[in-house]
Structure formats: structure tokens, C-alpha cells
Amino acid sequence: MKKILTLLCLCAFLSHTHAQKCTFTKEETDSKSGLPVKSIMTSVTNQFIVWTIKEADQYKLGLEITMSGLQKENIRKGDTLTIMFGNYETILAFANEQYSPVGKANDLTEITNYFPFYNVNNDDWMKLCSNNIQYMKVGFKGDYVNIELNEGKAKKIKAAAVCVK
């Protein structure tokens, strides 16, 4: 009996020490709606950042995409974000409004940034919480950008999705 109690205490201690510590990039109340907002930023590459966001009871993915050259195409409301997991399961999210490119140029470089947000339903959010993303495909006006994720970055996005859940 003493061994069983010791094992139970050890299991409880180990599960507590391995519990995920969530550090939110932003945790605030939305100034317009008054609803709580939690988000975590994950940098995938120098050109691609993923935000996992929970606003009240709604989930969103925010992206920061940097492209070389000056782009003119908008990401339109309803344009898609396709996410493929390592198990070949996919989810589809839709841009919740139109997003215009933000171009910057100087003597050395020309770049364009996009900052779209995509609504994600609860079932798909649970898939984000339990699977590693293999790649993401951002579609806009017949064009698209593919982003492959290495295992470390995929695990960070999954952990962020769990945190904001």
C-alpha cells in the first residue's frame, strides 16, 4: 500500500512539473467589445509569424507575412488559409475581412507585409491543439504562399493553441 501511495504521489508531482506554462504575448480586454482577448505569437521564419488568438469564445489565427517586392493584391474577405497536419488531415479557415498589403521601399529593399486574421471554429481549434502542422497555404486572389513548418515550430504553435484554449 505504501508503494502504491508513493507511486501516486510521484505521478502527481511529475504531471504538475510537466504542466504547460503559458506565457501570453497579449492578455487584455478588447477596448471596443469589452471581451477578454488572449494571444500568443510564434515566429516561424523571419518572413512568417503566427498568432494564436482567443477573443471571448471565438478562435482566430493571425498571420504576419513578409514578401519580397511590392505586392498589390489584397487578401479578400473569404480568402482561405489551408492548414495540413502531419497526419494529412486539413482544416480550412477564412479571412474575416479584406487586408491590403503594406509596402515598404528604400534604396536597398522593397518588401510587402500582410496582416490577415482567419476565424477558426471550435472543432478545428481542437485539431490545432492535438496535431502538429506540416504546412500552411495562404490564398489570395488566385495566388498563394506556402509555408512549411519544421517540427519545433509546429510544436510551438500547437502549444500556443492549447494555451489560449
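Rules used in this analysis
Residues numbered from 1 in each chain as written. Predicted model: local features only at pLDDT ≥ 70, side-chain atom pairs only at ≥ 80, totals over all residues. Heavy atoms only, no water. Helix = DSSP H or I, 4+ residues; strand = E, 2+ residues; numbered from the N terminus. Phe/Tyr/Trp six-rings, centres within 6.5 Å; stacked < 30°, edge-to-face > 60°. Buried < 20%, exposed > 50% of the residue type's maximum accessible area, 1.4 Å probe, protein only.

*Asks:* Is there a simple way to think about the environment of alanine 159 in this case?
*Replies:* Mapped onto the secondary structure, alanine 159 falls in helix H3 (residues 151–164). Separated by 117 residues in the primary sequence, alanine 159 and threonine 42 have C-alpha atoms spaced 10.0 Å apart.

*Asks:* Just to check I follow, could you spell out unusual backbone geometry for this structure?
*Replies:* As a rule of thumb, non-glycine residues mostly have phi less than zero, and peptide bonds are mostly trans rather than cis. One non-glycine residue, alanine 56, lies in positive phi territory at about 60 degrees. Residue position: alanine 56 is located in the loop between strand E3 (48–55) and strand E4 (58–68).

*Asks:* In this structure, what is going on with the packing of aromatic side chains? I would like to understand it.
*Replies:* The geometry of an aromatic ring pair comes down to the distance between the two centres and the angle between the two planes. Per the stated rule, a full pass over the model turns up three aromatic pairs. On the basis of an interplanar angle of 15 degrees and a centroid distance of 4.6 Å, the ring pair of tyrosine 59 and tryptophan 125 is categorised as stacked. Taken together, the positions of tyrosine 59 in strand E4 and tryptophan 125 in helix H2 (residues 122–130) put the pair 66 residues apart, joining distant regions of the chain. Here tyrosine 59 and tryptophan 125 have matching classes, each one buried. A centroid spacing of 5.3 Å and a plane angle of 40 degrees characterise the contact between tyrosine 114 and phenylalanine 140, whose relative ring orientation is tilted. Of this pair, tyrosine 114 sits in strand E8 (residues 110–114) while phenylalanine 140 sits in strand E10 (residues 133–140); the two residues are 26 residues apart in sequence, bridging distant segments of the chain.

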